[in-house]
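The primary structure of each chain is shown beneath.
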Amino acid sequence: MLRVPKTQWLACLARSQSTSARPTTGEEYQYLQRSKIPMLHFQPSLPRLPIPELEKTCARYLAAQQPLLSPDAFERTKELVNQFSRQDGPKLQTLLKEFDAANKHTSYISEPWFDMYLRDRAPLPLNYNPLLMMNPDPRPQFNDQLLRTTNLVISSLRFMKSLRAKILEPEVFHMNPAKSDTPMFRTVTSMMPSFISTYVAYAFKAFPLDMSQYQGLFGGTRIPELGKDRIYRTDSSRHVVVMRNGNMYAVDVLDAQGNIEQPATLLARFERVLKDAKAPAADPLGLLTTENRDTWATARTHLTQLGTNARSLELVDSALFCICLDDSTIEPENPIPAIREFLFGDGTNRWFDKSFTLIVAKDGTAGINFEHSWGDGVAVLRYFQEIFKETTTAPFAQVGLQGVDNQSKDAVVPIEFTLDDRVKAAIRTAENNHNAVIDSLDMNYMKYEAINKSVCKRQRISPDSVMQLGFQLAYYKQHGAFVGTYESCSTAAFRHGRTETMRPCTVATKAFCQEVERRDSGKKKSMAELRDMMNQCSTVHGQLTKEAAMGQGFDRHLFGLKHTAQRNGLPLPALYEDPAYGAINHNILSTSTLSSPALLAGGFGPVVKDGYGIGYNIQDGYLGSVVTSYKPHRNGREFVDCLRAAYEDIGKVLAATGPAPKEK
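Remember, it's a predicted structure, so these values are computed and weren't measured experimentally.

Draft legend 1. The arrangement of the pattern of salt bridges in detail. The final tally for this structure, using the stated rule, is 38 salt bridges. The shortest N-O distance in the salt bridge between D229 and R293 comes to 2.7 Å. In this pair, D229 sits in the loop between strand 5 (220–223) and strand 6 (230–233) while R293 sits in helix 12 (residues 293–304), placing the two residues 64 residues apart along the sequence. Of the two residues, D229 and R293, both sit in the buried class. The closest approach of N and O atoms between E314 and R311, which form a salt bridge, is 3.6 Å. Of the two residues, E314 and R311 both sit in helix 13 (residues 309–318), three residues apart, roughly one turn of that helix. Looking at E314, the relative accessible area reads 42%, which means it is partly exposed. Its relative accessible area of 47% is what places R311 among the partly exposed residues. What emerges from the salt-bridge pattern is a single network uniting R121, R222, D229, R293, D294, D353 and E371.

Structure below.
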C-alpha cells in the first residue's frame, strides 16, 4: 500500500493550465527541480529497518493464521510455532542480527528480496510487471499522441537530470502537508546536519523516505541469464528506444553535451518514427521478453552471436527508457481493453525487461509499465506524478508546434537484428505461449460510487479498511471461505526498505462477513451491532497497517529467517514445511492500492493461478477496482458482482448508523 497526499500542485492544476510557451534555453529547461534541501540530505540519518522481536512475529503470524484455519489445524500450527520460538527460531534470529550488524549500509531484507526477484523464472508480464495508467490531459488538444509523447519525454528527461544532479526534491511523506510541506520545513531541515536531519523532520510530522531505488529508473534493464537474471545500468546514454509496430528505433533525446534537445527537435524525431513506412515487424523480437526467463536467456545468448545483434541489444539495454507508440484507444465507459493492452498487450510492441516503459496510445492515453525487480512503487509513482503534473499544467511543447530537426539523420536509427530460423522459431513459440496466457486472463472493472473517500471521512472510518473488508466479504459471498490475502505496504521510511505484507483477513473481518451472510434471521445482529463490528475491523486494520509500515509485520521477518537458514546450510525448521505456512503464502487475494490524482487505473496479474489480482484506488467520487483472474480457475465476473453486493451491504450499515464516535 502506498499513499501520496495531495499537495499544492492539485490546486495549481485546477486553477490554471498554462498554454503560453515556456523558455527552452538555459538551466530552467534542463532541470525539473532545484531543491533547497539536498536530494540525499536525509539518507544518512534514515533509521534502519528493524528486525522484529521473535515472540511478536510468532504472535502476529498466529493471529493471521487463525481466521484461515480450522480449530484442529490451528492447534497443530500453534504447536509448530511454539516449537520454532523455543528451538530453531532463537538461533536463526541471532544469525540474522549478526548479518544485519555486518551490513549497516542496507537492510536485512534488501539482498534476499532482490535475489528472490532475479531468481524467479516466471515471465515478467502479468507475474511481475505492474501498470499505472495516467489520467488524460484535461485539455483535449494536448492529448494528441505526438504532442503528449513529446511533453512526457521532456518532463521525464528533466526529472532524470534533476535526479542525476542530485537536486531533485527529497521524497518526504507529510502527515499534514499544510503544516510541513512549507518553506519553513525546507529551511530548517536543510540547515541541520545530515546525521540528524531525519529526526528533525519527524518533529514536523514529516517522514523522509529512502531514495536508493531511484537510481534504477533510467538507463536500466533486467538481463535474462540462466538461473538468475542481472540488472544492467548505465548513466552515459543519450537515447531512448522507441517501439512502433514491433519495430525498434534508437532516438537521441540528449545532445552531445548531455542537454535536453529542443521540443521542436524531439517532436520531429518522434514524428519520423510515427511516419516511418516500415510494415509491422514480421518477427517482433519483443515477444521474447514475455518468455520464461531461462528460455529467454538461452535465446538471447544465441541471438548475440548473430551478425551485429550484440550491438543492437546494447542499444536497447542502455536506452534511458522505452517508449511504445501504440495504435490503441481508450473507451472511458469500458477501460478494460485499454488496461489489458497497457498491462500486457500481444507482446509485439513491448520490451518488458526495461526498467520502465512509457506507453502512449493513438488518442494520447498514456501509462507506465515497469519491471519490478529493481524497485517498488515509491520511485515510479513519484516520477509518474511529477511528469503528469508538469505536462498538464506547464508543458514545453504547445499545440501547433512544428517539428524541426537540423541534426544528422543518425539521431533516429532503426535497430536492426539478424534473425535465423532458430530465433524465428523461438519468437513463434513465445507468441503462442503469451497468447495462451493472455487468452486465459480475465479482467473486470468495478466502479462503485455510493461509497467514496468523502463518505468514509464523514463516517470516520478508514477508506482502505472499507475496501479491504469488501474484498473479504465478496470472496466469502462467492466461496463461503476465507483465504490468504496480501496487501502491499511500503517500508520506504527505512534505509533500503522495500515492502511488508499487511494481512487484511482477520478474526474481526471474518466475524463481520459471517454475520452479514447469516441466514438465521432470529439470530442476526442489529445494524448498530454490525457497525460496532465494522469499527473493530477498521481499528484492527489500522493497527496492522501501522505495524507493517514500521517494519513490524511478520512476513518479511519469517522470510529473512528462512533465508538465514538456507544461507548458513541449516535444516529448514518444521514451521516452513507446515501446509498452513504454504497456504497463507499462496495469496489468493493479492491487493495493492495507489492513491494519486494522476492515476486513471492501476493493474497487475494474479500472483497464483487460482487467485485474484486486485489493483484498487479510493477517489473522492468512487471506489475503483481492476480485478484480474485466470480462467477457468476463477470467475472474475462473479467476484466483481459479489464485490458490488458487498459494498451495498457495507453501505447499508454505514447509512443506518451514522459516524462512529470520536476516539478519546
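Structure's up, so let's keep going.
Draft legend 2. Region of the structure containing the packing of aromatic side chains. Applying the stated rule across the entire model yields 23 aromatic pairs. Geometrically, the ring pair formed by W113 and Y117 is edge-to-face, given 6.3 Å between the ring centres and 90° between the ring planes. Of this pair, W113 and Y117 both sit in helix 6 (residues 110–119), four residues apart, which is roughly one turn of the helix. In terms of burial, W113 and Y117 fall into one category: buried. Ring centres 5.1 Å apart and planes at 15° place the aromatic pair F321 and F356 in the stacked group. Residue F321 is found in the loop between helix 13 and strand 9 (322–325), and its partner F356 is found in strand 10 (residues 356–360); the two are separated by 35 residues along the sequence.

Draft legend 3. Focus on the UniProt feature "domain: Choline/carnitine acyltransferase" (unreviewed entry) in the chain. The positions UniProt marks with the feature "domain: Choline/carnitine acyltransferase" (unreviewed entry) are residues 49–644. As annotated, residues 49–644 comprises 44% helix and 15% strand, and the C-alpha atoms at either end are separated by 38 Å.

Draft legend 4. Summary view of the pairing of strand 5. Residues G220 and R222 line one face of strand 5 and the alternating positions T221 and I223 line the opposite face, and both faces are buried. The antiparallel hairpin formed by strand 5 and strand 6 contains six residues in its connecting segment, where G227 sits at a positive phi of about 85°.

Draft legend 5. Highlighting the domain arrangement of the chain. Here the chain is partitioned into domain 1 (54–105 + 449–656), domain 2 (118–168 + 215–440) and domain 3 (179–208). For domain 1 versus domain 2, the distance between C-alpha centres works out to 34 Å. Taken together, both faces of the contact between domain 1 and domain 2 bury some 1,800 Å²; the carbon and sulfur share is 57%. Among the residues domain 1 hides against domain 2, the three largest losses belong to R498, A598 and L600. Together they make up 30% of the total. Inspection of the region where domain 1 meets domain 2 yields one salt bridge.

Draft legend 6. Structural view of the environment of L132. With respect to the helices and strands, the residue L132 is situated in strand 2 (residues 131–134). On the accessibility criterion, L132 (3% relative accessible area) is buried. A C-alpha to C-alpha distance of 28 Å links L132 and R22, two positions 110 residues apart in sequence. Residues within four places of L132 in sequence aside, it is in contact with G367, I368, F370, V380, L381, F384, L594, L599 and A601.

Draft legend 7. Structural view of the nonpolar core. Grouped together as the largest cluster of nonpolar side chains are 90 residues, with contacts concentrated most on L217, F270 and F321. By residue number, the principal contributor to this core is helix 7 (residues 145–164), which donates nine residues. Both of domain 1 (54–105 + 449–656) and domain 2 (118–168 + 215–440) provide at least three residues apiece to this core. In this structure, L469, A474, V483 and Y616 belong to the second largest nonpolar core, which totals 42 residues.

Draft legend 8. Representation of helix 6 in the model. Buried within helix 6 are the following residues: S110, P112, W113, D115, Y117 and L118. Where the residues of helix 6 are buried, they touch strand 5, strand 6, strand 15 (499–502) and helix 21 (555–567).

Draft legend 9. How the structure looks around the sheet that holds strand 8 (residues 247–252). Ordered by their spatial adjacency, eight strands build an open sheet running 12-8-7-9-10-11-2-17, and the pairing between neighbours is mixed. Edge positions in the sheet fall to strand 12 (412–414) and strand 17 (599–603), since each of these pairs with one other strand and no more. Strand-to-strand twist of the sheet, defined as the mean angle between neighbouring strand axes without regard to direction, takes the value 20°. Direction of pairing for strand 7 (residues 239–244) relative to strand 9: parallel, over a ladder of four bridges. Its bridge partner lying in strand 9, M243 is registered against C324.

Draft legend 10. The state of the cysteines, seen in detail. Inspection of the entire model under this criterion finds zero disulfides. As a non-bridged cysteine, C322 has C324 as the owner of its nearest cysteine sulfur, 3.9 Å distant. C322 gets classed as buried once you look at its relative accessible area, which sits at 0%.

Draft legend 11. Here's a closer look at the UniProt feature "active site" (unreviewed entry) in the chain. The positions UniProt marks with the feature "active site" (unreviewed entry) are H372. Residue classification places H372 among the buried positions, given a relative accessible area of 15%.

Draft legend 12. Spatial organisation of the packing of helix 9 (residues 183–191) against helix 10 (residues 194–203). Close contact between helix 9 and helix 10 brings their axes to 8 Å; oriented N to C, the two are set at 150°. Viewed along their axes, helix 9 and helix 10 adopt a mutual orientation that is roughly antiparallel. Helix 9 and helix 10 meet at a crossing whose hand is right-handed. For the pair formed by helix 9 and helix 10, the contact residues are F185, V188 and T189 on the first element and S197, V200 and A201 on the second. Of the residues that constitute the contact of helix 9 with helix 10, the class distribution is four nonpolar, two polar and no charged.

Draft legend 13. Geometry of the pairing of strand 18 (residues 612–618). Within strand 18, seven of the seven residues are buried, which leaves it mostly tucked inside the rest of the structure. Here strand 18 hands over to strand 19 (residues 623–630) after four residues, the two strands then running antiparallel side by side.

Draft legend 14. Representation of helix 16 (residues 421–440). With 20 residues, helix 16 ought to run about 28 Å at 1.5 Å a step, and its terminal C-alpha atoms sit 29 Å apart, in line with that. If you check which residues of helix 16 are buried, you get V423, I427, A430, H434, I438 and S440. Mapping the buried residues of helix 16 onto a view down its axis gives an arc of 165°, with all of them on the same face. When the buried face of helix 16 is taken as reference, the exposed residues oriented beyond 90 degrees from it are D421, N432 and D439.

Draft legend 15. Just the environment of V437, in detail. Along the polypeptide, V437 turns up in helix 16. Sequence separation of V437 and L126 is 311 residues, and the distance between their C-alpha atoms is 9.0 Å.

Draft legend 16. Focus on the confidence of the model for the chain. Across the chain, the average pLDDT comes to 93, with 96% of residues at 70 or higher. Here residues 1–19 is a poorly scored stretch, pLDDT under 50, and it has 46 contacts once near neighbours within four places are set aside; other chains count.

Conventions and cut-offs
- Residues numbered from 1 in each chain as written.
- Predicted model: local features only at pLDDT ≥ 70, side-chain atom pairs only at ≥ 80, totals over all residues.
- Heavy atoms only, no water.
- Salt bridge = Lys/Arg side-chain N within 4 Å of Asp/Glu carboxyl O.
- Helix = DSSP H or I, 4+ residues; strand = E, 2+ residues; numbered from the N terminus.
- Buried < 20%, exposed > 50% of the residue type's maximum accessible area, 1.4 Å probe, protein only.
- Phe/Tyr/Trp six-rings, centres within 6.5 Å; stacked < 30°, edge-to-face > 60°.
- UniProt positions renumbered as here; feature names shortened; annotations may be inferred.
- Pairing = 2+ DSSP bridges.
- Domains from an automatic or database assignment.
- Buried area = accessible area lost by both parts, 1.4 Å probe.
- Contact = heavy atoms within 4.5 Å.
- Core = buried A, V, L, I, M, F, W, Y, C linked by side-chain atoms within 4.5 Å.
- Axes fitted to C-alpha atoms, helices over the stretch in contact; angles between N-to-C directions.
- Disulfide = S-S within 2.5 Å.
- Parallel < 35°, antiparallel > 145°, perpendicular 65-115°, else oblique.
- Left-handed = near helix turned anticlockwise from the far one by under 90°.
- Nonpolar A, V, L, I, M, F, W, Y, C, P; charged D, E, K, R; others polar.
- Expected span 1.5 Å × (residues − 1).
- Arc of directions from axis to C-beta.
- pLDDT = per-residue confidence, 0-100.

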